[in-house]
Amino acid sequence: MPPHFPRPEEFAHPAEAAALDTGMTPGQESMYCRRCRRGLNIRFNDLGLIVGYLHAAEQRGQQSDHRPEPAPITDIPDPIIECDFCSTPEAAWIYQCANQVTDARRITGQVVSVNDYRSRNHAARVRRTDTEHAITQAWGERWTACQGCADLIEARDLYGLISRVTDAMPAKLTRGKHLMRTRGELHERFSAVFDTLAPGRGQITPGHPLGIWPDTTEKTS
């Protein structure tokens with residue numbers, strides 16, 4: 001029987017977008033951390049149950065010095081609303097699109113040819129990769145944007161937005177060969193945002209963290 005090697009790495013399946021009812025008032029609340037007052041991302045297991053939260057900054061390659069303490073944004077006094085695209089801490093607008101989820105799977109084993117293993121050892125070609133569900137990352141329906149990113153969204157300048165975001169990312173995500181992979185992931189995610197973008201946008205003002213939307217009443221509870 002060919003050798004079977006367990007590996008701890010994870011890889012993500014392409015993001016999928018759920019249908020958006022654009023006739024509904026955009027009232028879904030984002031989750032924020034009580035401690036640092038910054039945004040959180042939600043993670044689910046394969047049964048659709050919430051299993052944890054992750055600071056949005058960590059999802060973008062940065063670090064946090066504390067565990068998330070989740071609460072709805074309307075329960076957070078003076079929340080720090082960062083741009084969901086470039087991370088600038090001066091978000092000015094909120095856009096609504098279909099919810100995106102990314103299915104991350106953990107590699108549990110790889111099967112290689114016996115002859116390859118004997119002759120090439122760890123350089124053996126992988127014949128089959130076995131995986132299992134690790135976590136599902138939910139990106140949500142509401143995306144905040146600073147004025148710079150909002151201008152690119154309004155112009156539907158996908159590549160301009162990708163360039164702006166990669167310029168603001170940590171070097172470890174954009175250095176050398178990582179840049180192509182990062183740009184590819186952003187292209188996939190932002191394309192889904194553009195393709196399902198609902199009409200209108202909410203303006204973030206003091207006391208209105210969910211935004212003031214044209215012809216709608218802000219939902220605060």
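Residues numbered from 1 in each chain as written. Predicted model: local features only at pLDDT ≥ 70, side-chain atom pairs only at ≥ 80, totals over all residues. Heavy atoms only, no water.

### A short note on the overall build of the protein
The secondary structure content of the protein amounts to 6 helices and 11 strands. Relative to its full complement of 221 residues, the protein shows a buried share of 40%. Contacts spanning at least 24 positions in sequence make up 71% of the contacts within the protein whose residues lie at least 6 apart. Looking at the protein as shown, the accessible area adds up to about 12700 Å², and 49% of this sits on carbon and sulfur atoms. (Helix = DSSP H or I, 4+ residues; strand = E, 2+ residues; numbered from the N terminus. Buried < 20%, exposed > 50% of the residue type's maximum accessible area, 1.4 Å probe, protein only. Contact = heavy atoms within 4.5 Å. Areas by Shrake-Rupley, 256 points an atom, 1.4 Å probe, with all protein chains shown as cover.)

### As for the pairing of strand β6 (residues 50-55)
As paired elements, strand β5 (residues 40-44) and β6 share 5 bridges and run antiparallel to each other. For N41, the partnering residue across the bridge sits in β6 and is L54. Connecting β5 to the antiparallel partner β6 that follows it, the hairpin turn spans 5 residues, and G48 within it adopts a positive phi of roughly 85 degrees. (Pairing = 2+ DSSP bridges.)

### What about helix α4 (residues 158-168)?
Burial in α4 covers these residues: L158, L161, I162, V165 and T166. Looking straight down α4, one finds its buried side chains confined to an arc of 125 degrees; they lie on one side. Turned more than 90 degrees away from the buried face of α4 sit Y159 and D167, all of them exposed. Among the structural elements, α3 (147-154), α5 (171-174) and α6 (178-195) are those in contact with the buried residues of α4. (Arc of directions from axis to C-beta.)

### Considering the nonpolar core
Core analysis: the largest hydrophobic core is formed by 24 residues, its most contacted members being F85, C149, I153, L161 and F190. For this core, the elements supplying multiple residues, two or more each, are β8 (93-112), β9 (126-145), α3, α4 and α6. The next biggest cluster of nonpolar side chains, apart from the first, holds 10 residues, and it includes Y32, I81, A91 and W213. (Core = buried A, V, L, I, M, F, W, Y, C linked by side-chain atoms within 4.5 Å.)

### A few points about unusual backbone geometry
In this model, D78 sits at a positive phi of 50 degrees, which is unusual for a non-glycine residue. Along the polypeptide, D78 turns up in the loop between β7 (70-72) and β8. Taking relative accessible area as the criterion, D78 reaches 60% and is therefore assigned exposed. Non-glycine residue S87 carries a positive phi angle of around 80 degrees.

### Quick word on the packing of α4 against α6
Their axes nearest at 10 Å, the elements α4 and α6 cross at an angle of 130 degrees. With respect to α6, the element α4 is oriented oblique. In the crossing of α4 with α6, the sense of the turn from one axis to the other is right-handed. Contacts between α4 and α6 involve L158, Y159, L161, I162, S163, V165 and T166 on the former and, on the latter, L179, T182, R183, L186, H187, F190, S191 and F194. Each residue belonging to the contact of α4 with α6 can be placed in one class, and the counts come to 9 nonpolar, 5 polar and 1 charged. (Axes fitted to C-alpha atoms, helices over the stretch in contact; angles between N-to-C directions. Parallel < 35°, antiparallel > 145°, perpendicular 65-115°, else oblique. Left-handed = near helix turned anticlockwise from the far one by under 90°. Nonpolar A, V, L, I, M, F, W, Y, C, P; charged D, E, K, R; others polar.)

### Quick word on the packing of α3 against α4
When two helices pack together, their arrangement is given by the angle between the helix axes and the distance between those axes. Here α3 crosses α4 at 160 degrees, and the two axes come no closer than 8 Å. One way to sum up the angle between α3 and α4 is to call them roughly antiparallel. Once α3 is placed against α4, the crossing between them reads as left-handed. Of α4, the residues touching α3 (which contributes G148, C149, L152 and I153) are G160, L161 and R164.

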